[in-house]
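Coordinates in review
Chain by chain, the residues run as shown.
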Amino acid sequence: MSDQKSEFTEGHIVRAYDAELDRLRTLLLEMGGLVVDQIGQAVDAFTEKDRKRTQTVVRREEDVNRYDIEAEELVLNVLAKRQPMGMDLRAIMAITRAVTDLERCGDEAKKIAKIARRRVKDDSEVIEAFSIAAGSMGALAAGLLKSAVEALDEADEEKAIQAAQADARLDAEYKTALRNIHAALISNPSLIEVAADLVIVIKALERIGDHAKNIAKYVVFIVQGKDVRHVKTKALDQEI
Amino acid sequence: MEAATMSRDKKARSEQSAQAATRKTASSLFGTDRSSDVPDSTVGVITHDDPVFTCRSVDVFYANKQAIFGVDLDIGRHEVISMIGPSGCGKSTFLRCLNRMNDTIAIARVTGRIELDGQDILDSRIDVVPLRARVGMVFQKPNPFPKSIYENVAYGPRIHGLARDRVELDEIVHTSLERAGLLKEVKDRMDQPGTGLSGGQQQRLCIARAIAVSPEVILMDEPCSALDPIATARIEDLIDELKENYTICIVTHSMQQAARVSQRTAYFHLGYLVEVDETDKIFTNPSHKLTEDYITGRFG
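What counts, and where the lines are drawn
- Position labels on residues start from 1 in each chain and follow its written sequence.
- As they are written, the chains are lettered A onward and the ligands numbered 1 onward, keeping that order.
- With pLDDT at 70 or above as the cut-off, local features in this predicted model cover only qualifying residues; side-chain atom pairs require 80 or more to be listed or tallied, and sums for whole chains, interfaces and linings still use all residues.
- Excluded from the side-chain calculations are hydrogens and water; all other atoms, namely the structure's heavy atoms, are used.
- Helix and strand assignments come from DSSP, with helices taken as H or I runs of at least 4 residues and strands as E runs of at least 2, each series counted from the N terminus.
- A simple rule labels every residue: compare its accessible area, found with a 1.4 Å probe on the protein chains alone, to the largest value its type can have, and call it buried under 20%, exposed over 50%, or partly exposed in between.
- For this analysis, residues touch if any pair of their heavy atoms sits within 4.5 Å.
- Each accessible area value is a Shrake-Rupley result obtained with a 1.4 Å probe; residue values ignore everything except the protein chains displayed when judging cover.
- For the radius of gyration, the atoms used are the C-alpha atoms, and the globule rule reads 2.2 Å times the number of residues raised to 0.38.
- At least two bridges found by DSSP between two strands are what make those strands a pair.
- Only one rule defines a salt bridge in this text: a Lys or Arg side-chain nitrogen within 4 Å of an Asp or Glu carboxyl oxygen.
- Expected span of a helix: the number of residues minus one, times 1.5 Å.

**Re the overall build of chain B**
The secondary structure content of chain B amounts to 11 helices and 11 strands. Here chain B holds 300 residues, and the buried ones make up 52% of them. Long-range contacts, defined here as pairs at least 24 residues apart, represent 68% of the contacts in chain B between residues at least 6 apart. Summing over all exposed atoms, chain B offers an accessible surface of approximately 13,500 Å²; the carbon and sulfur share of this is 51%.

Take a look at the structure:
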């Protein structure tokens, strides 16, 4: 991720203000990095039936929550002490929202890890068959989230919009996987329990894509002050 | 001659900032690339649908030194407009043009057009006494006359002949004190000296004194700088009420105050009006880099 100094965290007459904003920005990057890794680990734990990794994900979920709490404290303090305005205010709003989205992504990763733990000893063919789909969706979701956080850190609108629009691919894979689960269930209704878990896994990954899309949209807010949260992703190009 | 020097300076600044802008692009993260030089013309919306004041190409000189450069600005009826900017940016100088207070400074010269309801107030034939009744002023330091509370407010209406008799004068004094939110606190001691009131009360007395002559516009030059936060909040609350009946132009060093009380905000920099727009926009998403730097505390 970017190690460039940000205009956003620099140049205030009060240098302590710079330091506070810099911590907020670093926190976003650290938390983003952790959550992206959590998603990867959770999906790997599921596809490789790795109990140890499920434990890692569940344990580190607490770290994700700690970042969430620290961000909240930082933002409260900055608002109370500095009364941010202009781009500082927009960036702080965007980071606050992004942290909430990241925290939710962390929850989704934990959800996947718990299912992985439950299915560690399940060697049914269905799980094998869905490992590829889940692996592909997992890589896509983690990649999207990584791009979105980087775009936010760099205030790169083009990168953000690419990330937001790439979510369509994840949605398509989700629909295909869901159809396949339905088909498997129709031919073998006794799979219902496994199938329900599989649906939760792919739904979690699909949700992570949506959170990544949200984060990407905050970039437009930072750069232009335009609220595009409810603008159709396809139409985002016209906003910049 | 002087103007030529200024334009050379401006050009030099422009070149410097062009280099700065290039450097910024290399590590551009937050914010779009925007010039950090004063713009050729004011950014934002200088016009108003229902203007009280229409100012065009206003220049102010103190002897040979130019303090204000070609300011174009409309001030709307019953709006609160704040003028912000670092010390020496010309915001107070501009405010003082609006009721010809700069006339009191021998070396000051104002050119351009300033129309109040269509009438050019820079015209030398204009009598400034009635002008200053129409465009009242409140200063940084409360300056009540060394007279009673009653006389402080009654003085203006009396010299302008606004009251036919004592009953009418009483009425004006009471209404003005009430509108200034001071009546309750002083109604039992109207004959006591105005200078005996607290700072915040004195400032509200000065506002009552300005209101008493039925002005259209009230100019406020840092009206809360000498007041504590409670007295400041009272004045801000009062400004909110007064805008129903008056136009208010306020110069303030507190950006939070500008954000709280005004509908439009004008940002001055080195004598130029850099940007003027809706207050909400100025403080959340200003268009010019200089405005952004100032409101985010990066200036200097």
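**Let's talk about the overall build of chain A**
When you go through chain A residue by residue, the secondary structure sums to 6 helices and 0 strands. Ordered by position in the sequence, the α and β elements of chain A form the string α-α-α-α-α-α. At 19 Å, chain A has a C-alpha radius of gyration in line with the 18 Å of a compact globule built from 240 residues. In terms of overall dimensions, chain A has a C-alpha envelope of 65 × 40 × 25 Å along the principal axes. Burial analysis of chain A (240 residues in total) assigns 51% to the buried set.

**Describing the environment of Met101 of chain B**
Residues and elements named next belong to chain B. With respect to the helices, strands and loops of the structure, Met101 is situated in the loop between helix H2 (91–97) and strand S5 (108–116). Between the alpha carbons of Met101 and Val128 there is a distance of 8.9 Å; along the sequence they are 27 residues apart. If sequence neighbours within four positions are ignored, Met101 has contacts with Arg96, Arg132, Met137 and Phe139.

**Here's the deal with the sheet that holds S5 of chain B**
All names here are of chain B. Pairing in this open sheet of 4 strands is antiparallel, and the strands run S3-S2-S5-S6 from one edge to the other. Across the chains shown, the open sheet's two edge strands, defined by having one partner strand only, are strand S3 (65–76) and strand S6 (119–120). Pairing geometry for strand S2 (residues 51–62) and S5, over 8 bridges, is antiparallel. Bridge pairing links Phe61 to Arg109 in S5.

**What to know about the pattern of salt bridges**
Scanning the entire structure with this criterion turns up 41 salt bridges over all chains. Taking the shortest distance from any N to any O, the salt bridge between Asp88 of chain A and Arg298 of chain B comes out at 3.0 Å. Here Arg298 of chain B lies in the segment after helix H11 (289–295) and Asp88 of chain A lies in helix H3 (residues 86–118), a pairing that spans two chains. Each member of the pair Asp88 of chain A and Arg298 of chain B is classed as buried.

**Describing helix H7 (residues 199–211) of chain B**
Residues and elements named next belong to chain B. The terminal C-alpha atoms of H7 lie 18 Å apart, and with 13 residues this matches the ideal 18 Å at 1.5 Å per residue to within 8%. Along H7, the residues that are buried comprise Gly200, Gln201, Gln202, Gln203, Arg204, Leu205, Cys206, Ile207, Ala208, Arg209, Ala210 and Ile211. Along its buried surface, H7 packs onto strand S7 (135–138), helix H4 (149–159), helix H5 (166–179), helix H6 (183–186), strand S8 (217–221) and helix H8 (229–242).

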